[in-house]
Amino acid sequence: MKTIKFPNNFEFGTATASYQIEGAAREDGKGEDIWQRFSHIPGNITDGTNGDTACDFYHTYKEDIRLAKELGLEVFRFSVNWARIYPDGIGRINKAGIEFYRNVLIELKENGIKACMTIYHWDLPQKLQDKGGWSNREIVGWFTEYAKTLFKEYGDLVDYWITLNEPWCVSTLGYWTGEHAPGYHDYSMALQAVHNLLLSHGSAVKEFRKLGLKSEIGITLNMNLAYPLDKDDPRDVEAAKRIQLQQNNLFGDPVWKGGYPEELFAYLKEQDVVIPEILDGDMELISQPLDFFGLNTYYAEFVKADEEQWPFHAKAVKSGKPRTDADWEVCPDEAYELLCWIRDTYKPAKLIITENGAAFNDWIDSEGKVQDTDRIEYLKQYLEAVSRAVEDGVPVMGYYVWCFTDNFEWAWGLSRRFGIIYVDYDSQKRITKESAKWLSKVIKEKEYNMA
Ligand code: IFM
């Protein structure tokens, strides 16, 4: 039987995000955010739900943090809803919002749990969307002010800061495929959003450094390696390269190497995509030195060339591996390869897996338990890949399971469950799933057996 071991200073945690858990959508002076608007438009959310109440974390945070403590979580990753701090996105600050996140941070500190705070996890104030949102370059100033407020208010309480969560999703799903808020369908706009997101990230990091805080700062990118479905078909090979460039290098290269991938921009120009204007100093601003590389990864891309798909002429297909209930293929070996690719391409001094996990159709059995053995199996396989990567010199120093409690899973609504804690949305009762108990033991022992 193989024992998987982690170094003593390796930190285990869970991750979550404001709109997905907080509820209290209209309470205590919070402004409207884009997900609040988007989820109320019929047809946008598969099961017709929204995040108005979600897990009610706004009121239950003490109970939830007590559960986190019971499990022995070392880090609790969560995000701030920008519209709770600035109801109009800029200008007037909402004291109740400031107070709420301060209380959460104090609760974490009192329970001996490190805080990882994501500044932006997708809930843009609607008032800023009305001015163009991420496609308007002015957002760099708006975001910087917002981030500065958080640094000033919570600088003594946060251990890890994440500027942005998954700018690929914000730009691609929000401005191109329209599956996410604000629901646009314009790839040139999406590319402009990428540039403005990355400028905002860099500008916030620059301000953070001025304050000389002891905490660490990074960005979270969602990356997957892309593999040609048929490795002997040169069209699939080229298509997979393009998908990897737009998913990984479009974000990783500017942040970690100071330049956009030229090959990708040349290709996009041929496809009549408008390339964002890059001003003097932009790339320097974007590539501020970071303390860690935050990685979210769940699956790998298997790619087929497809002339119909503009602008990349490629589409993601299934390769035949087992899938989770999010319909994502389980790809631990590819995750290992991704970690090595990041080590070799970007050479970060420290890497934290800020999200990994699985959605399964969990139910409460006759004994009142949630026996999510498929999730345990998933976590075992991915953590084995992580420990192999650590042995091979990838500086992974933390792993956060997505997610703590079941929550509002964006366009899929409340019915898709990723949590290690089950939530009964009618009663708001929490049930600790078997996966959480398993994880708790791994955290304590820093090892587990594969079989
Ligand atoms: O729920 C999301 C999260 O908000 C961002 N990363 C992927 C998760 C699962 O889809």
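Above this text is the structure in question.
On a predicted model such as this, the values are computed, not experimentally measured, just so you know.

*Asks:* How should the overall build of the protein be read in this particular structure?
*Replies:* Per the secondary structure count, the protein includes 15 helices and 15 strands. Against the compact-globule benchmark of 22 Å for 451 residues, the protein has a radius of gyration of 21 Å, which places it among compact chains. Here the C-alpha coordinates of the protein stretch approximately 60 × 55 × 45 Å along the principal axes. Evaluated residue by residue, the protein yields a buried proportion of 63% over its 451 residues. Contacts in the protein between residues far apart in sequence, at least 24 positions, make up 77% of those at least 6 positions apart.

*Asks:* Got a minute to help me understand the packing of aromatic side chains in this structure?
*Replies:* Applying the stated criterion to the full structure yields 46 aromatic pairs. Between Trp-122 and Trp-410, the aromatic rings sit 4.6 Å apart at their centres with planes inclined by 40 degrees, giving tilted as the arrangement. In this pair, Trp-122 sits in the loop between β4 (114-120) and α6 (126-129) while Trp-410 sits in the loop between β12 (396-402) and β13 (421-424), placing the two residues 288 residues apart along the sequence. Each member of the aromatic cluster is reached from another via a ring pair, and the members are Phe-57, Tyr-58, Tyr-61, Phe-76, Phe-78, Phe-100, Tyr-101 and Phe-404. Here Arg-388 stacks its cationic end above the ring of Tyr-336, 4.7 Å away from the centre of that ring.

*Asks:* It is not clear to me how the sheet that holds strand β7 (residues 226-228) should be interpreted in this structure. Could you clarify?
*Replies:* Picture the strands of a sheet paired through backbone hydrogen bonds; they go either parallel or antiparallel. Pairing is mixed across the open sheet formed by three strands, whose spatial order is β7-β9-β10. The strands lining the two open edges of the sheet, one partner per strand, are β7 and β10 (314-317). Neighbour-to-neighbour, the strand axes of this sheet turn through a mean angle of 45 degrees, independent of strand direction. With three bridges joining them, β7 and strand β9 (residues 301-305) adopt parallel strand pairing. From the neighbouring strand, Ala-226 faces β9, where its bridge partner is Glu-301.

*Asks:* In this structure, what is going on with unusual backbone geometry? I would like to understand it.
*Replies:* Note: most peptide bonds trans; most residues except glycine with negative phi. Cis geometry is adopted by the peptide bond preceding Pro-311, which originates at Trp-310 and carries an omega value of 0 degrees. In this chain, Trp-402 is followed by Cys-403 through a cis amide linkage whose omega measures 0 degrees. Its place among the elements puts Cys-403 in the loop between β12 and β13. Positive phi values are uncommon outside glycine, yet Ala-24 reaches one of about 45 degrees. Along the chain, Ala-24 turns up in the loop between α1 (18-21) and α2 (34-39). Backbone geometry places Lys-446, a non-glycine residue, at a positive phi of 55 degrees. Its location among the elements puts Lys-446 in the loop between α15 (434-445) and β15 (447-449).

*Asks:* Explain the pattern of salt bridges here, please?
*Replies:* Between side chains of opposite charge, pairing is possible as soon as their charged atoms come close. All chains considered together, the criterion is met by 37 salt bridges. Here Asp-64 makes a salt bridge to Arg-430, at a shortest N to O gap of 2.9 Å. One end of the pair, Asp-64, is in helix α3 (residues 57-71); the other, Arg-430, is in strand β14 (residues 429-432), and 366 residues separate them in sequence. Exposure remark for Asp-64: the relative accessible area of 1% places this residue in the buried category.

*Asks:* Help me understand the site of the ligand, please; the structure alone is not making it clear to me.
*Replies:* Contacts to the ligand come from Gln-20, His-121, Trp-122, Asn-165, Glu-166, Tyr-298, Trp-328, Glu-355, Trp-402, Glu-409, Trp-410 and Phe-418. Within the side chain of Glu-355, an N or O atom sits 2.5 Å from a nitrogen atom of the ligand. Protein contacts shield 95% of the accessible area of the ligand, which totals 280 Å² for the unbound molecule. In terms of residue class, the shell around the ligand is made up of six nonpolar, three polar and three charged.

*Asks:* What's the story with the environment of Pro-254 in this structure? I'm lost.
*Replies:* Here Pro-254 lies in helix α10 (residues 234-257). Relative accessible area serves as the criterion here: at 0%, Pro-254 is assigned to the buried category. When the C-alpha atoms of Pro-254 and Leu-199 are compared, they prove to be 9.9 Å apart, with 55 residues separating the residues in sequence. Ignoring sequence-local partners within four residues, the contact set of Pro-254 consists of Leu-198, Asn-249, Gly-259, Tyr-260, Met-283, Ile-286 and Ser-287.

*Asks:* Help me understand α10 in this model?
*Replies:* Every α-helix carries 3.6 residues per turn, so stepping three or four residues along brings you back to the same face. The terminal C-alpha atoms of α10, which comprises 24 residues, lie only 28 Å apart, well short of the 34 Å expected from a rise of 1.5 Å per residue. In α10, a bend of some 50 degrees at Asn-249 exceeds every other bend along the element. The buried fraction of α10 is high, at 17 of 24 residues. The opening residue of α10, the one whose side-chain oxygen lies 2.9 Å from the backbone nitrogen of Arg-235, is Asp-233. Gly-258 occupies a position one or two residues after α10 and carries a positive phi of about 80 degrees.

Rules of the game
Sequence order as written defines residue numbering, which begins from 1 separately in each chain. Local features in a predicted model are, by the rule used here, given only for residues with pLDDT of at least 70; side-chain atom pairs are given and counted only at 80 or more, and totals for whole chains, interfaces and linings are based on all residues. Where side-chain values are given, they derive from all heavy atoms of the structure, hydrogens and water being excluded. Segments assigned H or I by DSSP are reported as helices when at least four residues long, segments assigned E as strands when at least two residues long, and all are numbered from the N terminus. For this measure, only C-alpha atoms enter the radius of gyration; the expected value for a globule follows 2.2 Å times N^0.38, where N is the number of residues. Relative accessibility decides the category of a residue: with a 1.4 Å probe and only protein chains considered, values under 20% of the type maximum give buried, values over 50% give exposed, and everything between is partly exposed. The contact criterion used is simple: two residues touch if any of their non-hydrogen atoms lie within 4.5 Å. In summary, the pairing rule links any two rings of Phe, Tyr or Trp, Trp by its six-membered ring, whose centres are within 6.5 Å, and it sorts them by plane angle into stacked for under 30 degrees, edge-to-face for over 60 and tilted for everything else. Whether a charge sits over a ring depends on NZ of Lys or CZ of Arg being within 6 Å of the ring centre and within 35 degrees of the ring normal. At least two DSSP bridges between two strands are needed for those strands to be called paired. Between N-to-C directions, angles cover 0 to 180 degrees, with each direction set by a line fitted to C-alpha atoms, over the stretch in contact for helices. What counts as a salt bridge is simple: a side-chain nitrogen of Lys or Arg found within 4 Å of a carboxyl oxygen of Asp or Glu. For each residue, the test is whether any non-hydrogen atom lies within 4 Å of the molecule or strand; if one does, the residue is near. In protein, a polar contact requires one atom able to donate a hydrogen and another able to accept it; more generally it is a pair of N or O atoms within 3.5 Å, and residues adjacent in sequence count only if both atoms are side-chain atoms. Methods summary: accessible areas were calculated by the Shrake-Rupley approach with a probe of 1.4 Å, and residue burial reflects only the protein chains presented. Classification used: nonpolar for Ala, Val, Leu, Ile, Met, Phe, Trp, Tyr, Cys and Pro, charged for Asp, Glu, Lys and Arg, polar for all others including Gly. Helix span, as expected, comes to 1.5 Å for every residue beyond the first. The bend reported for a residue corresponds to the angle between axes fitted to the seven residues ending at that residue and the seven starting there.

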